[in-house]
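Close look at the chain arrangement
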Amino acid sequence: MSSKLSINEVLTTGYAKPSKYQVYILNNDTTPRDFVHQLLKDIFKHTDDAANTIIAQIEADGIAGVGTYFYEIAEQKITEVMYASHRAGFNLDITLDSI
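In this report, the structure presented in the accompanying data block is examined. (Residues numbered from 1 in each chain as written. Predicted model: local features only at pLDDT ≥ 70, side-chain atom pairs only at ≥ 80, totals over all residues. Heavy atoms only, no water.)

The number of helices and strands found in the protein is three helices and three strands. Taken against the 2.2 N^0.38 rule, which gives 13 Å for 99 residues, the C-alpha radius of gyration of the protein at 21 Å runs more than 25% over that of a compact globule. Principal-axis analysis of the C-alpha atoms gives the protein an extent of 80 × 25 × 20 Å. Long-range contacts, defined as pairs at least 24 residues apart, comprise 71% of the intrachain contacts of the protein with a sequence gap of at least 6. Total accessible area on the protein is roughly 7,100 Å²; 51% of this is exposed by carbon and sulfur atoms. With 8 positive and 13 negative side-chain charges, the protein shows a spacing of 11 Å between the two charge centroids. (Helix = DSSP H or I, 4+ residues; strand = E, 2+ residues; numbered from the N terminus. Rg over C-alpha atoms; globule rule 2.2 N^0.38 Å. Contact = heavy atoms within 4.5 Å. Areas by Shrake-Rupley, 256 points an atom, 1.4 Å probe, with all protein chains shown as cover. Lys, Arg positive; Asp, Glu negative; His and termini not counted. Charge placed at Lys NZ, Arg CZ, Asp CG, Glu CD.)

Encoded structure:
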């Protein structure tokens, strides 16, 4: 007995590009400027000048974008900031938004 197997496959080469997310730090008037400056350098890898510019924007506008990342990386950065700020006794507000 002969058996035949027929397979019909459609191959696609396109894929959806992963979304990126902007991470924002919000001003809370209680977290020291030096602490935020150090977080911007250590976690987000900003230079001193870039960190100072971001802090000035946070103070002026109440919010500033600190980096654009794929979702998993953005979430990791937020987790690191929250852990560091809670460990230091501060309640720094940080969030993300898709772009």
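This paragraph deals with the pattern of salt bridges. Within this structure, the stated rule accounts for two salt bridges. In this structure, the salt-bridge partner of E59 is R33, at a minimum N-O distance of 3.2 Å. Of the two residues, E59 is situated in helix α2 (residues 48-61) and R33 in helix α1 (residues 33-42); the sequence distance between them amounts to 26 residues. Here K41 and D48 are joined by a salt bridge, their closest N and O atoms 3.0 Å apart. In this structure D48 comes out as partly exposed when scored by relative accessible area, which is 39%. (Salt bridge = Lys/Arg side-chain N within 4 Å of Asp/Glu carboxyl O. Buried < 20%, exposed > 50% of the residue type's maximum accessible area, 1.4 Å probe, protein only.)

Another aspect to go through is the layout of surface pockets. Each pocket or cavity is described by its volume, and for the largest pocket that value is around 150 Å³. What lines the largest pocket is a set of 13 residues, among which N27, T31, V36, I58 and E59 lie closest to the centre. Breaking the lining of the largest pocket down by element, the ones donating at least two residues are β1 (20-26), α1 and α2. Ranked by residues supplied to the lining of the largest pocket, first place goes to α2 with three residues. Residues that form the lining of the largest pocket fall into these classes: six nonpolar, four polar and three charged. (1 Å grid on protein atoms, 1.4 Å probe; cavity = no way out; pocket = protein on both sides within 12 Å on 5 of 7 lines; lining within 4 Å. Points joined across faces, edges and corners; volume = space filled by probe spheres on them. Nonpolar A, V, L, I, M, F, W, Y, C, P; charged D, E, K, R; others polar.)

Quick look at the side chain of K77 now. Position of K77 among the secondary structure elements: in helix α3 (residues 71-87). No salt bridge is formed by the buried K77. Its closest oppositely charged neighbour is E80, at 5.5 Å.

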